[in-house]
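Coordinates in review
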Number of protein chains: 2
Amino acid sequence: MSKPGPLSLNTVTVRDRWNLAQCIEGCARHGIPGLSPWRDKVAEMGLAAAARRIREAGLFVSGLCRGGMFPAADAAGRQTAIEDNLRAIEEAHALGAACLVVLGGGLPPGSKDLPAARAMFHDGLAAVLPAARAAGVTIALEPLHPMTCADRSVLSTLGQALDLAEEFGEGVGIALDVYHVWWDPELARQVARARGRIAAFHVCDWLVPTSDLVFDRGMMGDGVIDIPGIRAMAEAAGYAGPCEVEILSRRWWAEDPDQVLRLAKERHASAC
Amino acid sequence: MSKPGPLSLNTVTVRDRWNLAQCIEGCARHGIPGLSPWRDKVAEMGLAAAARRIREAGLFVSGLCRGGMFPAADAAGRQTAIEDNLRAIEEAHALGAACLVVLGGGLPPGSKDLPAARAMFHDGLAAVLPAARAAGVTIALEPLHPMTCADRSVLSTLGQALDLAEEFGEGVGIALDVYHVWWDPELARQVARARGRIAAFHVCDWLVPTSDLVFDRGMMGDGVIDIPGIRAMAEAAGYAGPCEVEILSRRWWAEDPDQVLRLAKERHASAC
């Protein structure tokens, strides 16, 4: 079995305790070569300073989290989302990010019309794609687990994301997060179909039991996902990029971030 | 819009407060014409008595919950599951149930091999199907929401269930539960594909937020599922059977069952 690609730290993994400066220093201290910041952390430091300090630390940026979230209750809300995505594209460009991670967003409040929300996502993506292409920023569509469909992501499966990526073509790829796709009976077929379009590979684990629909992701190796098996599928489809650890977890947020990074590095080597 | 099919009460909806006798009496009292018992409630009363009392009350039996759960850590465990399913088939026959609802079961403890667990499900189904056919009991494969994949159901999508139903043919249908499938981008296509195979139609709702992966289902109308829309898809695919309410919910289990039945009957008319 090949080794996983170089480790990248998604800053949400230590969200509650470290700002971006601490994440950058933490990566340097632990020999983690990549970073994937969330936009609020970047804004806190200031975009120019963030770009400079990440560059000075010699870290690659495996992605910027997050754009998308296009569905909204009215046209003004949809326009606001589009404008926010245009800013996110500029930020991804300034940071030299390998991609902008784009999420579906949930149903607009009060709506039960899932096809309409999915159409809003489609149209929002179409509206911002010219700017992404002009900036050379790859859009990485990230399907989230179906349990997030109502309030976070109407983009629910890899197959659905690939339908969009194929429709839009140039500049649109997918982010493959094992947590969101491991259950999918279509997984092997869809990852093979994703050849040339896998812009990011995210890892964490599915815990048994899982106590929360959003904030109970596990450290790699602590759950039931066959992470090396999914990585092998991605590699067979041509993916040769980083392995980004992204753990949203109340449990890990409460721990010492240095301990979390030490363990993530260990598990990157032993469980990914 | 047509009216939903006749209401059936899945006994799990009032699980904590009523035994089977109380469920039968409750249906009669509220003018609910159908029942779908869980096997533990039947066993408690005794199979022969349960069959007689349901018949005497004039209730139809929209399904028996539940068989399946074939994956296990070793051959002895898989054989135990098969034998239990053979008993479930006899019970479904004795009760005159329209189907035996068959669930996937989760990964065996310690396993990360999802394809192997799915193969165990396939083989278990193959082992019990001759008995089901001989007894005239329809097997209704019920895919559960992907969030239950690790510990309850390796049968995750309607497409996957239909692949099995098509492979096995005679005597194998599917149970369509709106809670488990509403998020699926393939929903319309797969329900259309299910023509002639929809053995059961289950309703409840997806709450926002959802606080638990298993026990926080909503009353119809309280969540975001377009239940009439999914019912219309099922009817367009030829389904003309009952509308079974099945709510696993700590909240509703704590309420007076008569109040739950009153509300379920109201919502059957207004929100299904």
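Residues numbered from 1 in each chain as written. Chains lettered and ligands numbered in written order. Predicted model: local features only at pLDDT ≥ 70, side-chain atom pairs only at ≥ 80, totals over all residues. Heavy atoms only, no water.

Attention now moves to the nonpolar core. With 200 residues, the main nonpolar core has Leu141 and Trp182 of chain A together with Leu141 and Trp182 of chain B as its most contacted residues. In this structure, Leu141 of chain A is in contact with Val102, Phe121, Leu125, Leu155, Ala161, Leu164, Ala165, Val172, Gly173, Ile174 and Ala175 of chain A, ignoring residues within four places of it in sequence. (Core = buried A, V, L, I, M, F, W, Y, C linked by side-chain atoms within 4.5 Å. Buried < 20%, exposed > 50% of the residue type's maximum accessible area, 1.4 Å probe, protein only. Contact = heavy atoms within 4.5 Å.)

Moving on, we get to the sheet that holds strand β3 (residues 60-61) of chain B. Whenever strands of a sheet pair, they do so through backbone hydrogen bonds, lying parallel or antiparallel. Residues and elements named next belong to chain B. Pairing within the open sheet is parallel, and its nine strands lie in the order β3-β2-β1-β9-β8-β7-β6-β5-β4. Edge positions in the open sheet fall to β3 and β4 (64-68), since each of these has one partner strand only. Across three bridges, the pairing between strand β1 (residues 7-10) and strand β9 (residues 243-245) is parallel. From the neighbouring strand, Ser8 faces β9, where its bridge partner is Glu244. Sheet strands touched by helix α6 (residues 158-168): β6 (139-141) and β7 (172-177). Its angle to β7, the strand with the most contacts, is close to 165°. (Pairing = 2+ DSSP bridges. Helix = DSSP H or I, 4+ residues; strand = E, 2+ residues; numbered from the N terminus. Axes fitted to C-alpha atoms, helices over the stretch in contact; angles between N-to-C directions.)

Once that is clear, we can look at the packing of helix α4 (residues 75-95) of chain A against helix α5 (residues 114-135) of chain A. Between two packed helices, both the angle of their axes relative to each other and the distance between the axes serve to describe the pair. Residues and elements named next belong to chain A. Two numbers describe how α4 lies on α5: the axes approach to 10 Å, and their chain directions differ by 30°. One element, α4, and the other, α5, form an angle in the roughly parallel class. Crossing of α4 against α5: the hand is right-handed. Every residue of α5 that contacts α4 at Arg78, Ile82, Asn85, Leu86, Ile89 and His93 is listed here: Met120, Gly124, Ala127, Val128, Ala131, Ala132 and Ala135. Here the contact of α4 with α5 is built from residues that sort into nine nonpolar, three polar and one charged. (Parallel < 35°, antiparallel > 145°, perpendicular 65-115°, else oblique. Left-handed = near helix turned anticlockwise from the far one by under 90°. Nonpolar A, V, L, I, M, F, W, Y, C, P; charged D, E, K, R; others polar.)

Interface size is commonly expressed as the accessible surface area that is lost when the partners come together. Across the contact, 30 residues belong to chain B and 30 residues belong to chain A. For the chain B and chain A pair, buried surface summed over both sides reaches about 2,200 Å², with 70% attributable to carbon and sulfur atoms. Among the residues of chain B in contact with chain A, Lys112, Trp183 and Leu213 of chain B are the three that bury the most area, contributing 26% of the side total. Counting the contacts that link chain B with chain A gives zero salt bridges. At the junction of chain B with chain A, the criterion picks out four residue pairs in polar contact (both at pLDDT 80 or more). Counted by class, the side of chain B that touches chain A contains 14 nonpolar, nine polar and seven charged residues. (Buried area = accessible area lost by both parts, 1.4 Å probe. Salt bridge = Lys/Arg side-chain N within 4 Å of Asp/Glu carboxyl O. Polar contact = N/O pair within 3.5 Å; in protein donor to acceptor, adjacent residues only side chain to side chain.)

So, about the pairing of β7 of chain B. Residues and elements named next belong to chain B. Burial within β7 is extensive, with six of its six residues counted as buried. The alternating pattern of β7 places Val172, Ile174 and Leu176 and Gly173, Ala175 and Asp177 on opposite faces, both of which are buried. In this structure, β6 lies alongside β7, joined through three bridges in parallel fashion. Residue pairing in the sheet places Ala140 in a bridge with Gly173 of β7. Note on the crossover from β6 through α6 to β7: the handedness is right-handed. In terms of strand pairing, β7 meets strand β8 (residues 198-203) through four bridges, oriented parallel. Within β8, the residue paired with Ile174 across the bridge is Ile198. (Right-handed = clockwise from strand over helix to strand, strands pointing away.)

With an axial shift of 0.0 Å and an RMSD of 0.0 Å, the rotation relating chain B to chain A amounts to 180°. These values place the two chain copies in the arrangement generated by a two-fold rotation axis. Take the interface residues of chain B: 100% of them recur as interface residues in chain A, which is what a same-surface contact looks like. (Least-squares fit on C-alpha atoms with pLDDT ≥ 70 in both.)

Along the chain, Cys65 of chain B connects to Arg66 of chain B via a cis peptide bond; the corresponding omega equals 5°. Residue position: Arg66 of chain B is located in strand β4. Positive phi, normally seen in glycine, also occurs at Met69 of chain A, with a value near 55°. For Met69 of chain A, the position within the fold is in the loop between β4 (64-68) and α4.

For the rest of this paragraph, the subject is helix α1 (residues 20-30) of chain A. All names here are of chain A. Buried residues of α1: Leu20, Ala21, Cys23, Ile24, Gly26, Cys27 and His30, and no others. In the core, the buried residues of α1 are packed alongside β1 (7-10), β2 (34-36), α2 (39-45), α3 (47-56) and α11 (257-270). Regarding α1, its N-cap is Asn19, as a side-chain oxygen of that residue lies 3.2 Å from the backbone nitrogen of Ala21 further along. Remark: Gly31 follows α1 within two positions and exhibits a positive phi of approximately 70°.

With that settled, the discussion passes to the sheet that holds strand β6 (residues 139-141) of chain A. All names here are of chain A. The strand order across the open sheet built from nine strands is β3-β2-β1-β9-β8-β7-β6-β5-β4, with neighbouring strands paired in parallel fashion. Only two strands of the sheet have a single neighbouring strand rather than two, namely β3 (60-61) and β4. Judged from the two bridges that link them, strand β8 (residues 198-203) and strand β9 (residues 243-245) form a sheet pairing that is parallel. Paired with His202 across the two strands is Glu244, which belongs to β9. Running at roughly 175° to β8, helix α9 (residues 227-236) makes contact with β7 (172-177) and β8 of the sheet.

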